[in-house]
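# Geometric and topological summary
Read off the chains here:
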Amino acid sequence: MRVLYLTNSAQIGGGNRSLLTLWEGLRPLGITPLAVCPAEGPMVEACRRADVSCEVVEYHPPDWQSPLGGWRAFRRWVGLLDRLGVDLVHANDPYGARTVGFATKWSHVPLLCHIHFPLGDEGTKWIFRFTPKPHAFLFCSEALRREMNPALARACPGAQQAVVHNPVSTEDFFPMAAPPGPRPRIGIVANLLPVKGHLDFLEMARALTDRRVDADYWIIGDDIHRIGSREALQQRAAELRLQDRVTFWGHRSNIPELMNELDVVVCSSHVEPFGMCLIEAMACERPVVATRVGGIPEIVEDGVCGLLTSPRAPHELADAVERLLLDSDLRRRIAVAGRQRVLRCFTRDAFTSRVVDIYRGLSRGGYPPERSF
């Protein structure tokens, strides 16, 4: 089986990281991954490193005000599906599914739409209006499926739905010995987007500093949309008199090594359908503190393999981090329990097996019963 993946960006976020992990497990199962990216960027480079054939094709979804452009895009996608001998298309977001919908219908190729982030009722209604609908939707968490189900049931009533939690590559993310630092290191690993709560992370750092907690704070991730987030966060860190304690690492390719140098990993998101950074940290036996939003409670059992707090509550984040820093036994128990949970629930093999079941069901014109990992 040859599966064409429409990546959701030329950058590498949680959704595209899950694809990279999926591809590692596909070839032994007789499935050949092929990829399309909307522009040159880190994801194209990652495809090449993974030995996955990748083409750069700018996405042009149907636009009724530009019928000629839509016709040309349709012809290009039909030709691509035919030339590559595609058996199934896996669009890694709804925008990609809308872009390729007419071509997959014309070519009789099943279309699977992977959803990693909520669209809202109006967005769901718009993106699938007047276009062929995906045969199935795949969600990264049960919380996201529940949130989107009413709108999707109206917009795409015949499509099947399934939940498969994102995986982590335990071959890349595992406990490593790290050089001790002069102070504890508290980190956040996320692209610099407002919903990730980086301002709350900085407010947490200020609160801990006021409590005389002597720590360093690492912000790992980039302003992938170039909206000035890094400059704004750096300015806020200076206003909070934290510039000597906060390090902005930007985009890094050595996330496992950096993760292992952290004493606590924080996810301060206001919206988080899943939380890739959490399973990556847990795989590295790093204790985690996270907000109780979206799919995070499906990953982190509070008090067992991490500590959960309210969103938009920096002082609660500070309380949880301070609790871990002051109690080395608790920190160690949570870290060990986190890795064990990853090995039970979030491995590449579990993810790959479930996704391949869905592929094969779609390729036969059927669909396996819904279930979640």
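Remember, predicted model here, so these are calculated numbers, not experimental data.

Criteria and cut-off values
- Residues numbered from 1 in each chain as written.
- Predicted model: local features only at pLDDT ≥ 70, side-chain atom pairs only at ≥ 80, totals over all residues.
- Heavy atoms only, no water.
- Helix = DSSP H or I, 4+ residues; strand = E, 2+ residues; numbered from the N terminus.
- Buried < 20%, exposed > 50% of the residue type's maximum accessible area, 1.4 Å probe, protein only.
- Contact = heavy atoms within 4.5 Å.
- Areas by Shrake-Rupley, 256 points an atom, 1.4 Å probe, with all protein chains shown as cover.
- Lys, Arg positive; Asp, Glu negative; His and termini not counted.
- Charge placed at Lys NZ, Arg CZ, Asp CG, Glu CD.
- Core = buried A, V, L, I, M, F, W, Y, C linked by side-chain atoms within 4.5 Å.
- Pairing = 2+ DSSP bridges.
- Axes fitted to C-alpha atoms, helices over the stretch in contact; angles between N-to-C directions.
- Phe/Tyr/Trp six-rings, centres within 6.5 Å; stacked < 30°, edge-to-face > 60°.
- Salt bridge = Lys/Arg side-chain N within 4 Å of Asp/Glu carboxyl O.
- pLDDT = per-residue confidence, 0-100.
- Parallel < 35°, antiparallel > 145°, perpendicular 65-115°, else oblique.
- Left-handed = near helix turned anticlockwise from the far one by under 90°.
- Nonpolar A, V, L, I, M, F, W, Y, C, P; charged D, E, K, R; others polar.
- Patch = residues over 30% accessible without salt bridge, like charges linked within 9 Å, V, L, I, M, F, W, Y side chains within 5 Å.

### Examining the overall build of the protein chain
From N to C terminus, the protein chain includes 14 helices and 13 strands. Per-residue burial for the protein chain yields a buried fraction of 56% across its 373 residues. Taking all contacts inside the protein chain whose residues are at least 6 apart in sequence as the whole, residues at least 24 apart take part in 68%. When the accessible surface of the protein chain is split by element, carbon and sulfur atoms take 50% of a total near 16,100 Å². The protein chain carries 44 positive and 43 negative side-chain charges, and their two centres are separated by 4 Å.

### Some words on the nonpolar core
Counting 64 residues, the largest nonpolar core has L4, W77, V89, F137 and L278 as its most contacted members. Element by element, the count of residues in this core is highest for helix α10 (residues 276-283), at seven residues. If near-sequence neighbours (up to four positions away) are discounted, V89 is found in contact with L4, L6, L81, V100, T104, V109, P110, L111 and L112. Core analysis: the next-biggest nonpolar cluster, separate from the first, contains 31 residues, L202, V213, L233 and A320 among them.

### Quick word on the sheet that holds strand β2 (residues 32-37)
If you walk across this open sheet you meet the seven strands as β3-β2-β1-β4-β5-β6-β7, and the pairing is parallel. Edge positions in the sheet fall to β3 (53-56) and β7 (160-163), since each has one partner strand and no second. Averaged over neighbouring strand pairs, the angle between their axes works out to 20° when direction is ignored. Pairing of strand β6 (residues 136-139) with β7 involves four bridges; the strand directions are parallel. Each residue of the ladder has a partner; that of A136, found in β7, is Q160. Relative to strand β5 (residues 111-115), helix α4 (residues 94-107) is tilted by about 175°, and along the sheet it contacts β1 (2-6), β4 (88-91) and β5.

### A word on the packing of aromatic side chains
Inspection of the entire model under this criterion finds nine aromatic pairs. With a centroid separation of 6.1 Å and an interplanar angle of 80°, the aromatic rings of F201 and Y217 are classed as edge-to-face. Separated by 16 residues along the polypeptide, F201 in helix α7 (residues 198-210) and Y217 in strand β9 (residues 216-220) bring together distant segments of the chain. Accessibility classification places F201 together with Y217 in one group, the buried group.

### Points about the sheet that holds strand β10 (residues 246-250)
Within a beta sheet, neighbouring strands are joined by backbone hydrogen bonds and run either parallel or antiparallel to one another. Pairing in this open sheet of six strands is parallel, and the strands run β10-β9-β8-β11-β12-β13 from one edge to the other. Edge positions in the open sheet fall to β10 and β13 (307-309), since each of these has one partner strand only. Averaged over all adjacent pairs, the angle separating strand axes in this sheet is 20°, with direction ignored. Both strand β8 (residues 185-189) and strand β11 (residues 264-267) contribute to a ladder of two bridges, which runs parallel. Within the sheet, the bridge partner assigned to I186 lies in β11 and is V264.

### Brief notes about the pattern of salt bridges
Evaluation of the coordinates by the stated rule reveals 20 salt bridges. E55 serves as the salt-bridge partner of R83, at 2.9 Å between the closest nitrogen and oxygen. Of this pair, R83 sits in helix α3 (residues 67-84) while E55 is found in strand β3, placing the two residues 28 residues apart along the sequence. We classify R83 as exposed; its relative accessible area is 53%. For E55, a relative accessible area of 21% gives the class partly exposed. Salt-bridge contacts for D216 lead to R183; the nearest nitrogen and oxygen are separated by 3.2 Å.

### Observations regarding the confidence of the model for the protein chain
Averaged over all residues, the pLDDT of the protein chain equals 92, while 97% of them reach at least 70. Taken as a whole, residues 367-373 scores under 50 in pLDDT and shows 26 contacts with residues more than four places along the chain or in a different chain.

### Thoughts on the packing of α7 against helix α12 (residues 314-326)
Remark: α7 packs on α12, axes separated minimally by 8 Å, with the N-to-C direction vectors making an angle of 60°. Classified by the interaxial angle, the pair formed by α7 and α12 is oblique. The element α7 and its partner α12 pack so that their crossing is right-handed. Between α7 and α12, the contacting residues are D200, E203, M204, A207 and L208 on the first element and P314, H315, L317, A318, V321 and E322 on the second. Its residues placed into classes, the contact of α7 with α12 shows seven nonpolar, one polar and three charged.

### Digging into a nonpolar patch on the surface
Together, W64, F102 and F130 make up a nonpolar patch on the protein surface, roughly 380 Å² of accessible area in all. With respect to the secondary-structure elements, F130 resides in the loop between α5 (120-127) and β6. Overall, F130 belongs to the exposed group, its relative accessible area being 60%.

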